[in-house]
Amino acid sequence: MNIKSNLEKIKSKISKDIKVIAVSKTKSNNEILEAYNCGQLSFGENKVQELIEKSSALPKDIEWHFIGHLQRNKVKFIIPFIHLIHSVDSFNLIDEINKRAEKENRIINCLIQVKIASEESKFGFHYSRIDEVLEYSKKLNYINIKGLMGMSTFTNNYKIIEEEFSLLNKVFQERKKDNFKILSMGMSNDYEKAILNGSNMIRLGSIIFGKRN
Ligand SMILES: *Cc1c(COP(=O)(O)O)cnc(C)c1O
C-alpha cells in the first residue's frame, strides 16, 4: 500500500472544503507517520486504549477524532486532548463528557451520532430525538454540539445508502440554524455518495491504509 499516493488520489478527487479524517485504527505508528508526513493531520480511532497509546507517542499537532462507541468510564482518558468526538449516542455519555470536560476546563466539540442504518449493532440516536439532545446539551457549559455523524447500512444496495445519507443531510440542513457546521458521513466504500448528499467530513480507513486484519 502506498499511503502517500492513496491520499493524493483521494484529495485530487474531492473539494478542499471536505475534511478527510484518516481512520488509523489497527494501523501502526509508522503508518500514521507516513500519512502525517504527507500533511495529513486528522486521524480517527475507535478504541480508547489504542488512541491514548498512539497520541502519547505521536506528534502533538495531530488532531485526534474519536469515532467509535465510547464507554462512559473511559471518557476521562481522552478529554485532555481529543479534538472531536463523533459518536455521542446517549444522554449518559453527554453528562459524563461535560463533567470530565469541566474538570479539565476544556470545551469538547462533539457530533450527535444518528442511527440511519438498519443494523441493530449500530449505535446512535433516532433522528426524531435530535431536538431533545440539543436542548439538553445547550444547558451544559463544556460540551459543544457541532453537527451530526452517521453510518450507512453495510450493503451493496446503492438505493438504501442513498436514502440513508439523504435523510441525514435533510436533518442536518434543518439544523444549520442551530449553528451546525459538520456533517460526518462517508467511509471508504461510500464517501462519494456521502459527498453528493452534503457530507463535509469523511472518515476513510482502508482506502488510505489498506485492508485491516
Ligand atoms: C472503521 C471506521 C471507518 C473507516 O472505515 P473504512 O471502511 O476502512 O474506510 C469510518 N467510520 C467509523 C465509525 C469506523 O468505525
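In short, a report on the structure. Since we're looking at a predicted model, the values are computed, not measured.

What counts, and where the lines are drawn
- Residues numbered from 1 in each chain as written.
- Predicted model: local features only at pLDDT ≥ 70, side-chain atom pairs only at ≥ 80, totals over all residues.
- Heavy atoms only, no water.
- Axes fitted to C-alpha atoms, helices over the stretch in contact; angles between N-to-C directions.
- Helix = DSSP H or I, 4+ residues; strand = E, 2+ residues; numbered from the N terminus.
- Parallel < 35°, antiparallel > 145°, perpendicular 65-115°, else oblique.
- Left-handed = near helix turned anticlockwise from the far one by under 90°.
- Contact = heavy atoms within 4.5 Å.
- Nonpolar A, V, L, I, M, F, W, Y, C, P; charged D, E, K, R; others polar.
- Buried < 20%, exposed > 50% of the residue type's maximum accessible area, 1.4 Å probe, protein only.
- Arc of directions from axis to C-beta.
- Expected span 1.5 Å × (residues − 1).
- Near = heavy atom within 4 Å.
- Polar contact = N/O pair within 3.5 Å; in protein donor to acceptor, adjacent residues only side chain to side chain.

Considerations on the packing of helix H5 (residues 91–104) against helix H6 (residues 130–138)
Part 1: Here H5 crosses H6 at 20 degrees, and the two axes come no closer than 11 Å. With respect to each other, H5 and H6 are oriented roughly parallel. Of the two possible hands of crossing, H5 and H6 adopt the one that is right-handed. Residue-level contacts link Phe 91, Ile 94 and Asp 95 of H5 to Glu 132, Val 133, Tyr 136 and Ser 137 of H6.
Part 2: For the contact of H5 with H6, a count of residues per class yields four nonpolar, one polar and two charged.

Things to note about helix H3 (residues 48–57)
Part 1: Listed in full, the buried residues belonging to H3 are Val 48, Leu 51, Lys 54 and Ser 55. Viewed along the axis of H3, the buried residues span an arc of 135 degrees, placing them on a single side of the element. Opposite the buried face of H3, at more than 90 degrees from it, the exposed residues are Gln 49, Ser 56 and Ala 57.
Part 2: As for H3, its buried residues are in contact with helix H2 (29–36), strand S2 (42–45), strand S3 (63–66) and helix H4 (75–78).

What to know about H5
Part 1: The first and last C-alpha atoms of H5 sit 20 Å apart over 14 residues, in line with the 20 Å expected at 1.5 Å per residue.
Part 2: Looking only at H5, the buried set comprises Leu 93, Ile 94, Glu 96, Ile 97, Asn 98, Arg 100 and Ala 101.
Part 3: Buried residues belonging to H5 abut H4, strand S4 (84–88), strand S5 (108–114), H6 and strand S6 (143–150).
Part 4: A positive backbone phi angle near 55 degrees is found at Asn 105, which sits one or two residues after H5.

Focus: the site of the ligand
Part 1: What surrounds the ligand is the set Val 23, Lys 25, Ile 67, Met 151, Met 187, Ser 188, Arg 203, Leu 204, Gly 205, Ser 206 and Arg 212.
Part 2: Here an oxygen atom of the ligand and a side-chain polar atom of Ser 188 are 2.5 Å apart.
Part 3: Note that an oxygen atom of the ligand is positioned 2.8 Å from one of the backbone N or O atoms of Ser 206.
Part 4: Here the residues of the shell around the ligand are counted per class, giving five nonpolar, three polar and three charged.

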